[in-house]
Amino acid sequence: MNQRDSWEDTIKDVLTLECDGLTASQDLKDRIDEEILTSQEAKSMKHLSAKKIIIGVAVGCLLISGGAFAAGHAVSLSSHSDWREGCNSYSGMEEQEKKLGYQVDSVEQFTNGYTFAKAVVGESEGRDQDRNKVYTNKFMSIEYARDAEPTVSLYIEKPAESYARSKPAEATKVCGDVTLYFDSATYKFVPPDYELTAEDKTNQEKGNYFISFGSDTVEMQKSAVVEWTKNGIQYQLIGFDLNLTADDMFDMAEEVMGTK
């Protein structure tokens, strides 16, 4: 890993991720943009890709907005992790599980070629409407790579509060007593001086379309998430611009569960 990649990983992992109300909306875009504008790290590192910071912040929110929503006392969620405290080989998973406090389902390599790249344990916290901390919770993030293609990440945690989906999934698959849910969202990255078109404004009303300012050029990316809960543990497989269909991701989820 070169110095730039290391720095970008650090930025993406230590930025605070907040989704007030735990919903996906224009407010999500505003918060992502605010992180870009206020991050001192981003200002001091001219070469750092604003788009990658946006993605780093968006991932944390996608884990909520694409799937489950908290139904307890917390109205905002923040999380952080540091890959320097993780592992770069599958043999280190046992130590990461000790940090997490419980064993998880995972694979070293998927049949489609995606292979374990690294894993880390982080911590999230929920706050109430008065910004008081109501809980802290550990989670694990595992990254899988395949050649030069976009990576796939597996996020794992035991929810600190009860969860319920806010909307129907784009696709579902039942595996025994576990239901897999697939969701996607579109991200349009635009320059700071970009003027929204009528189509942009219409798209922003959708629950799965976000426009974020800060990129050098206009670019589009699409996220894909498969979420499921097994034995009280929530799993979320997520990636951007993947060459994978919903069925492909369902297959990967089944491999994680050991049912395929």
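Rules used throughout
- Residues numbered from 1 in each chain as written.
- Predicted model: local features only at pLDDT ≥ 70, side-chain atom pairs only at ≥ 80, totals over all residues.
- Heavy atoms only, no water.
- Phe/Tyr/Trp six-rings, centres within 6.5 Å; stacked < 30°, edge-to-face > 60°.
- Buried < 20%, exposed > 50% of the residue type's maximum accessible area, 1.4 Å probe, protein only.
- Lys NZ or Arg CZ within 6 Å of the ring centre and 35° of its normal.
- Helix = DSSP H or I, 4+ residues; strand = E, 2+ residues; numbered from the N terminus.
- Pairing = 2+ DSSP bridges.
- Core = buried A, V, L, I, M, F, W, Y, C linked by side-chain atoms within 4.5 Å.
- Contact = heavy atoms within 4.5 Å.
- Salt bridge = Lys/Arg side-chain N within 4 Å of Asp/Glu carboxyl O.
- pLDDT = per-residue confidence, 0-100.

Overview of the packing of aromatic side chains
For the structure shown, the criterion picks out 7 aromatic pairs. Note on tryptophan 228 and tyrosine 235: the rings are 5.3 Å apart at their centroids and 5° apart in plane angle, and the pair reads as stacked. For the pair shown, tryptophan 228 and tyrosine 235 are each scored as buried. Among the aromatic side chains, those forming a connected cluster through ring pairs are Tyr90, Phe110, Phe116 and Tyr144. Seen from the ring of tyrosine 102, lysine 158 lies directly overhead, with NZ or CZ sitting 4.4 Å from the centre.

Comments concerning the pairing of strand β8 (residues 178–190)
Along β8, 11 of the 13 residues are buried, which leaves the element largely enclosed by surrounding structure. For strand β7 (residues 171–175) and β8, the ladder comprises 5 bridges, and the chain directions are antiparallel. Its bridge partner being in β8, threonine 172 is matched across the sheet by tyrosine 181. From the end of β7 to the start of β8, which pair antiparallel, there are 2 residues, and glycine 176 there has a positive phi angle of about 65°. Pairing of β8 with strand β10 (residues 219–230) involves 9 bridges; the strand directions are antiparallel. Paired with lysine 188 across the strands is methionine 220, a residue of β10. Alignment of β8 against strand β9 (residues 209–213), held across 5 bridges, turns out to be parallel. Bridging from a neighbouring strand, valine 190 pairs with phenylalanine 213 of β9.

A short note on the nonpolar core
Within soluble globular proteins, side chains that are nonpolar generally end up buried alongside one another. Residues Ile142, Leu154, Leu180, Val226 and Trp228 are the most contacted members of the largest nonpolar core, which totals 36 residues. Elements with a minimum of two residues in this core: α5 (93–100), β3 (115–127), β4 (133–145), β5 (152–157), β8, β10, β11 (233–240) and α7 (246–257). Residues contacting tryptophan 228, with those up to four places away along its chain left out, are Leu154, Val178, Thr179, Leu180, Ile233, Gln234, Tyr235, Leu237, Ala253, Val256 and Met257.

Considering unusual backbone geometry
With a phi close to 55°, asparagine 231 is a non-glycine residue in the positive phi region. With respect to the helices and strands, the residue asparagine 231 is situated in the loop between β10 and β11. On the basis of relative accessible area, asparagine 231 is assigned to the exposed category, the value being 71%.

Considering the pattern of salt bridges
This structure, assessed with the given rule, holds 4 salt bridges. In this structure, the salt-bridge partner of glutamate 254 is lysine 173, at a minimum N-O distance of 2.7 Å. Pair noted here: glutamate 254 is in helix α7 and lysine 173 is in strand β7, with a separation of 81 residues, a long-range link. The exposure class assigned to lysine 173 is partly exposed, which follows from its relative accessible area of 29%.

Digging into the environment of glycine 126
By the element assignment, glycine 126 lies in strand β3. Since its relative accessible area comes to 0%, glycine 126 is described here as buried. Expressed as a C-alpha distance, the spacing of glycine 126 and threonine 136, which sit 10 residues apart in the sequence, is 6.5 Å.

Examining the confidence of the model for the chain
Looking at the chain, pLDDT values average 74 and 66% of them are 70 or higher. Of the regions scoring below 50 in pLDDT, residues 1–57 engages in 101 contacts with residues more than four places distant in sequence or in other chains. Predicted confidence is poor over residues 60–72, with pLDDT under 50, and the contacts of this stretch with residues over four places away or in other chains come to 42 contacts.

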